[in-house]
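Summary of structural features
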Amino acid sequence: MLNELYSIRMRAAEGGAHEQGGRHISGGERLGQKEELHKLATELLTKSLNHSRGDCDFIQLVIEKLQNQEIKTISPLPVSTEHVQNVTEGRKKAVSLLSFLGISDEAITQGLNFLKQSTHQRGAIIVDSQTGKRLDHRELKGVRVSRMDWHTQSWSNWSAFYQPFASSRIREALALASKVAASPYTIAELCWSDDLDYITGYVASSATGYIRITHLKNIGEDCGGRIFFVKQHCPLDDYISYLETTPVCITYENATKH
Ligand code: WAQ
Ligand code: MG
Ligand code: MG
Ligand code: MG
């Protein structure tokens with residue numbers, strides 16, 4: 001994916017566009033060459049039109065050619081799974097991982113509260129890992145990580161090797177988490193889906209890898225999102241610019257278990 005790369009992004013809402021108060025249904029971001037754009041557009045449309053959060057009446061697709069930008073190549077984070085029996089156990093596990101990574105109790109509590117209350121959030125919330133304060137001023141828009149995707153062959157190799165994880169949901173989540181963790185300002189990410197039918201979430205960091213936790217909410221709940229816990233004095237504009245605009249390609253070479 002070196003030359004002539006395009007970014008393709010989708011966002012979909014119900015009750016009008018997001019900026020007009022519409023409720024967020026689905027989003028997605030991919031990278032591809034010109035000849036892949038038809039296929040990618042179809043995949044993103046299909047994603048928005050068949051969504052457990054509901055029927056959208058606003059869909060926006062944006063395609064942008066990347067102009068001579070250097071593409072950062074990174075490896076996917078190693079993946080592991082914590083099997084827990086219920087939400088209480090799952091959140092306890094998340095708290096202990098975040099605490100182990102040096103995030104303050106206050107920040108962990110704030111992060112969890114944000115996710116429990118987020119039912120319309122379309123991008124991530126950036127939280128100071130010590131004070132627990134929300135740092136971005138994006139409200140429901142949040143910060144949408146964009147311009148990242150798997151190298152096509154790398155995804156084939158990786159998903160063949162890690163068969164149980166070969167879903168488009170995990171494909172997207174792992175690409176996003178790997179890009180986020182690759183920033184020196186990220187300490188950890190906490191995520192669970194806002195989709196009603198998906199309760200596995202994760203804690204990810206460059207130190208621990210991508211740790212899936214099988215119950216982070218109850219089935220049928222529409223709360224969820226992403227919290228990026230950052231180092232104190234993180235240069236916010238640079239950090240957000242990296243997340244939104246730096247093109248990142250996830251590559252996976254050999255079939256050796258991490
Ligand atoms: N940038 C920032 N935030 C995002 C992005 C993005 N590109 N994509 C999604 N979000 C936020 C937004 O608030 C969504 O509403 C929320 O996250 C949830 O997104 O088994 O499916 O796509 O290993 O519903 C994780 C576990 C699944 C997968 C996460 O999230 C596994 C998931 P969803
Ligand atoms: Mg997604
Ligand atoms: Mg990091
Ligand atoms: Mg969702």
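Rules of the game
- Residues numbered from 1 in each chain as written.
- Chains lettered and ligands numbered in written order.
- Predicted model: local features only at pLDDT ≥ 70, side-chain atom pairs only at ≥ 80, totals over all residues.
- Heavy atoms only, no water.
- Near = heavy atom within 4 Å.
- Polar contact = N/O pair within 3.5 Å; in protein donor to acceptor, adjacent residues only side chain to side chain.
- Areas by Shrake-Rupley, 256 points an atom, 1.4 Å probe, with all protein chains shown as cover.
- Helix = DSSP H or I, 4+ residues; strand = E, 2+ residues; numbered from the N terminus.
- Nonpolar A, V, L, I, M, F, W, Y, C, P; charged D, E, K, R; others polar.
- Pairing = 2+ DSSP bridges.
- Axes fitted to C-alpha atoms, helices over the stretch in contact; angles between N-to-C directions.
- Donors = N, O, S within 2.8 Å, 3.2 Å for Na, K, Ca; no water.
- Buried < 20%, exposed > 50% of the residue type's maximum accessible area, 1.4 Å probe, protein only.
- Phe/Tyr/Trp six-rings, centres within 6.5 Å; stacked < 30°, edge-to-face > 60°.
- Core = buried A, V, L, I, M, F, W, Y, C linked by side-chain atoms within 4.5 Å.
- Contact = heavy atoms within 4.5 Å.

**A short note on the site of ligand 1**
- Near ligand 1 there are 23 residues, and of these Val145, Arg169, Ser193, Tyr198 and Tyr210 occur at the shortest range.
- A distance of 2.7 Å separates an oxygen atom of ligand 1 from a polar side-chain atom of arginine 169.
- Take arginine 226: an N or O atom from its side chain is 3.1 Å from an oxygen atom of ligand 1.
- For ligand 1, whose unbound accessible area comes to 700 Å², protein coverage reaches 95%.
- Of all the secondary-structure elements, those providing two or more residues to the shell around ligand 1 are strand E2 (23-33), helix H5 (168-181), strand E10 (209-213) and strand E11 (225-230).
- Residues that form the shell around ligand 1 fall into these classes: nine nonpolar, six polar and eight charged.

**Side note on the sheet that holds strand E1 (residues 5-14)**
- Taken together, the three strands give an open sheet; going across it, the order is E2-E1-E3, and neighbouring strands pair in antiparallel fashion. Both edges of this open sheet fall to E2 and strand E3 (58-65), since each of them pairs with a single strand only. Adjacent strand axes in the sheet meet at a mean angle of 10°, parallel and antiparallel pairs treated alike.
- Of the pairings in the sheet, the one linking E1 to E2 comprises 10 bridges and is antiparallel in character. Considered in E2, the bridge of serine 7 is made with leucine 31.

**Notes on the coordination of the magnesium ion (ligand 4)**
- Within the first shell, the magnesium ion (ligand 4) binds the protein through Asp194 (OD) and Asp195 (OD), at distances of 2.1 to 2.2 Å.
- Metal-to-metal, the separation of the magnesium ion (ligand 4) and the magnesium ion (ligand 2) is 5.4 Å. Here aspartate 194 and aspartate 195 have matching classes, each one buried.

**Brief notes about the packing of aromatic side chains**
- Per the stated rule, a full pass over the model turns up nine aromatic pairs.
- Geometrically, the ring pair formed by phenylalanine 161 and tyrosine 162 is edge-to-face, given 5.2 Å between the ring centres and 85° between the ring planes.
- Residue tyrosine 162 is classed as buried on the basis of its relative accessible area of 8%.
- Following the ring pairs from residue to residue traces out a cluster consisting of Trp150, Trp155, Trp158, Phe161, Tyr162, Phe165 and Tyr252.

**A few points about the pairing of E11**
- Most of E11 is tucked away: five of the six residues are buried.
- Here strand E6 (residues 125-128) pairs with E11 via four bridges, running parallel. For isoleucine 126, the partnering residue across the bridge sits in E11 and is phenylalanine 228.
- Pairing of strand E8 (residues 186-192) with E11, which is carried by six bridges, proceeds in the antiparallel orientation.

**Examining the nonpolar core**
- Trp150, Trp158, Tyr202, Tyr210, Phe228, Tyr239 and Leu243 are the most contacted members of the largest nonpolar core, which has 35 residues in total.
- Among the secondary structure elements, those contributing two or more residues to this core are strand E7 (148-150), helix H4 (152-161), H5, strand E9 (201-205), E11, helix H6 (236-245) and strand E12 (248-250).
- Residue contacts for phenylalanine 228: discarding those within four places in its chain leaves Ala124, Ile125, Ile126, Val127, Val145, Leu176, Val180, Ala188, Glu189, Tyr239 and Leu243.
- Formed by 23 residues, the second largest nonpolar core is a distinct cluster that contains Val84, Leu98, Ala188 and Ile213.

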